[in-house]
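Overview (structure and organization)
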Amino acid sequence: MSTYFYPVAAAPAPAAVARPRRLHPAVVPVLYVAWTLFAVFVYSRYSQLGDAESYMTGAYAADPETQARTLFVTKLAARLSALGGALGAHLAFSLFAATGIAYMVWQANAHGRHRWPLLVLLLLPNFGVWTAVIGREALFTGLLGLFLGALIGYYRRGGLYRILLALLCVGGMVFLRGPFGMGAGLLLLGFLVIVWGPSTRLSAGVQALMLAGVAALAVALLWPQLDRYITEEVLPKARSYFTIHSPTTRLWVEMDTSGDLFGSLWWSLPLALLGPTPGEVLARPVMLPFFLSGLIVIGLLLHGIRQALFRAPAGLPRKILMLGWLPAMLVVLIAYVPFGIYNPGSGIRYAATFLLLLVFPSMLLSAVDTEAADALDAQAEDPHATEDE
């Protein structure tokens, strides 16, 4: 009786993961150059480009009460304008902002559905115009992009130099816009505690409740100083920024104490983000684009919150978003309300400073998906690597 031996086929190796389309970092500076040209040659015909002209002419340098951050932007803009003219100075500020965003895109490998929130933001006029011309908005956006890119890069590959870069960026942001910079500092602190701190079996939700309790205790202990700072410095300064002669200034808003600020957040925060109301749009149809942009900004915020609470995978990503990004976002939004509620037109420019923070959840989850795909690709190339180990 003959015996037959049938060859046994080897198990197929896992197929490499199909990579979705990604956003190339080079797209960002191209968009920013386009926004700068639009702002300088089109938008400036119908509205002033913030304080850009005063920065370039050095008007603020003659005022002895000018703050150091304003003097810094003034001297930088004047020097760049002397070297390359007005357009060259605008482009220099614009490309700095674009560099920061492009670095974040590169570190996150923005791809697939994760790239769309950023693309939507980059195409918003109220973000594109104000971060692509001379002003603190462009400098802050560039620093914020470098900061978020450093955090994402450290999550993926480590590297102490990325933490040092993040620290430098926080220092620069605090210098340019103190409250918004402190929000970024809070995100960095939460990130480092989560990444470097001792591991715990507590869920992100339980840790978030513990963090809320600690934050409430800290606010209670520091309330007298915080109340005095808000009532005597923040609110009067915010109200003094807007002229009563502007047709878009809301003269009916009364916010004189910290109690007024925190007690009105349920309606003042959405209104500050929205910009003009439907009634204000009907009275001034030219505000319609800003109203639509405000709706998109609120949508981006809700999308980011949804990703942080329900879409982020358990472990480090969810903890970074829930214990780092959400508290930082809350601090930034509360700090923005006094400057965004009085005048929707000016508020839109102030909001452009921190809007990039809204897409951090998408960028972080893009990096998480990239890491998972890289691991599957490595397994496909060497299917026995895991078994050998």
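To continue, consider the pattern of salt bridges. Taken as a whole and judged by the stated rule, the model has 4 salt bridges. Here Arg349 and Glu137 are joined by a salt bridge, their closest N and O atoms 3.6 Å apart. Here Arg349 is found in helix H15 (residues 344-351), whereas its partner Glu137 is found in helix H6 (residues 136-157), with 212 residues between them in sequence. Residue classification places Glu137 among the buried residues on the basis of a relative accessible area of 4%. The salt bridge involving Glu280 is made with Arg250; its shortest N-O contact spans 2.9 Å. You can see Glu280 sitting in helix H12 (residues 278-283) and its partner Arg250 sitting in the loop between helix H9 (204-240) and helix H10 (258-263), a full 30 residues away along the chain. Residue class for Arg250 comes out buried when judged on its relative accessible area of 2%. Salt bridges here are not isolated pairs; linked through shared partners, they connect Glu137, Arg177 and Arg349.

On to a nonpolar patch on the surface. Among the surface-exposed residues, Leu37, Phe38, Phe41, Val42, Tyr46 and Leu87 lie close enough to one another that they form a single nonpolar patch of about 570 Å² accessible area. Tallying contributions element by element places helix H1 (residues 27-41) first for the nonpolar patch, with 3 residues. Assignment of secondary structure puts Phe38 in helix H1.

Moving on, we come to the environment of Pro125. Turning to its location among the elements, Pro125 is positioned in helix H5 (residues 125-128). In the structure, Pro125 is positioned 227 residues away from Ala352 in sequence and 9.9 Å away in space, judged by C-alpha atoms. What Pro125 contacts, discounting residues up to four positions off in sequence, is Trp35, Trp130 and Ser293.

Time to look at the nonpolar core. By size, the foremost hydrophobic cluster in this structure holds 107 residues, and its most contacted members are Ile101, Leu118, Phe147 and Phe354. The biggest single contributor to this core is helix H14 (residues 316-340), with 13 residues.

This part takes up unusual backbone geometry. Even without being glycine, Asn109 reaches a positive phi, approximately 50 degrees. Along the chain, Asn109 falls in the loop between helix H3 (68-108) and helix H4 (116-122). Accessibility expressed as a relative area gives 18% for Asn109, which makes it buried.

Angle between the axes and distance between the axes: these two values describe a pair of packed helices. Packing of helix H11 (residues 265-274) against helix H13 (residues 288-311) brings their axes to within 7 Å, and their N-to-C directions diverge by 120 degrees. Judged by the inter-axis angle, H11 sits oblique to H13. Facing Pro270, Leu273 and Leu274 of H11, the residues of H13 in contact are Phe290, Phe291, Gly294, Leu295, Val297, Ile298 and Leu301. Along the lines of polarity and charge, the residues of the contact of H11 with H13 split into 9 nonpolar, 1 polar and no charged.

This next bit is on the confidence of the model for the protein. In regions of low pLDDT, the predicted coordinates are not meant to be interpreted in detail. Residues with a pLDDT of 70 or more make up 89% of the protein, whose mean pLDDT is 85. Counting interchain partners and residues more than four positions distant, the pLDDT-below-50 stretch residues 1-11 has 0 contacts.

For H6, built from 22 residues, the straight-helix expectation of 32 Å at 1.5 Å per residue is met to within 8% by its first-to-last C-alpha distance of 31 Å. Extensive coverage of H6 is indicated by the burial of 20 of its 22 residues. At the exit of H6 stands Gly158, carrying a positive phi of roughly 75 degrees.

Within the structure shown, the criterion is met by 3 cavities of 30 Å³ or more. In this model, the largest cavity occupies a volume close to 70 Å³. What lines the largest cavity is a set of 13 residues, among which Asn126, Leu273, Gly294, Ile348 and Ala351 lie closest to the centre. For the lining of the largest cavity, the secondary structure elements donating two or more residues are H11, H13 and H15. Looking at the second largest cavity, its volume works out to about 40 Å³. Contributing to the lining of the second largest cavity are Phe140, Leu144, Met173, Phe180, Gly183, Ala184, Val332, Phe354 and Leu357. In terms of residue count, helix H8 (residues 178-196) provides more of the lining of the second largest cavity than any other element does, 3 residues in total.

Conventions we followed
Residues numbered from 1 in each chain as written. Predicted model: local features only at pLDDT ≥ 70, side-chain atom pairs only at ≥ 80, totals over all residues. Heavy atoms only, no water. Salt bridge = Lys/Arg side-chain N within 4 Å of Asp/Glu carboxyl O. Helix = DSSP H or I, 4+ residues; strand = E, 2+ residues; numbered from the N terminus. Buried < 20%, exposed > 50% of the residue type's maximum accessible area, 1.4 Å probe, protein only. Patch = residues over 30% accessible without salt bridge, like charges linked within 9 Å, V, L, I, M, F, W, Y side chains within 5 Å. Areas by Shrake-Rupley, 256 points an atom, 1.4 Å probe, with all protein chains shown as cover. Contact = heavy atoms within 4.5 Å. Core = buried A, V, L, I, M, F, W, Y, C linked by side-chain atoms within 4.5 Å. Axes fitted to C-alpha atoms, helices over the stretch in contact; angles between N-to-C directions. Parallel < 35°, antiparallel > 145°, perpendicular 65-115°, else oblique. Nonpolar A, V, L, I, M, F, W, Y, C, P; charged D, E, K, R; others polar. pLDDT = per-residue confidence, 0-100. Expected span 1.5 Å × (residues − 1). 1 Å grid on protein atoms, 1.4 Å probe; cavity = no way out; pocket = protein on both sides within 12 Å on 5 of 7 lines; lining within 4 Å. Points joined across faces, edges and corners; volume = space filled by probe spheres on them.

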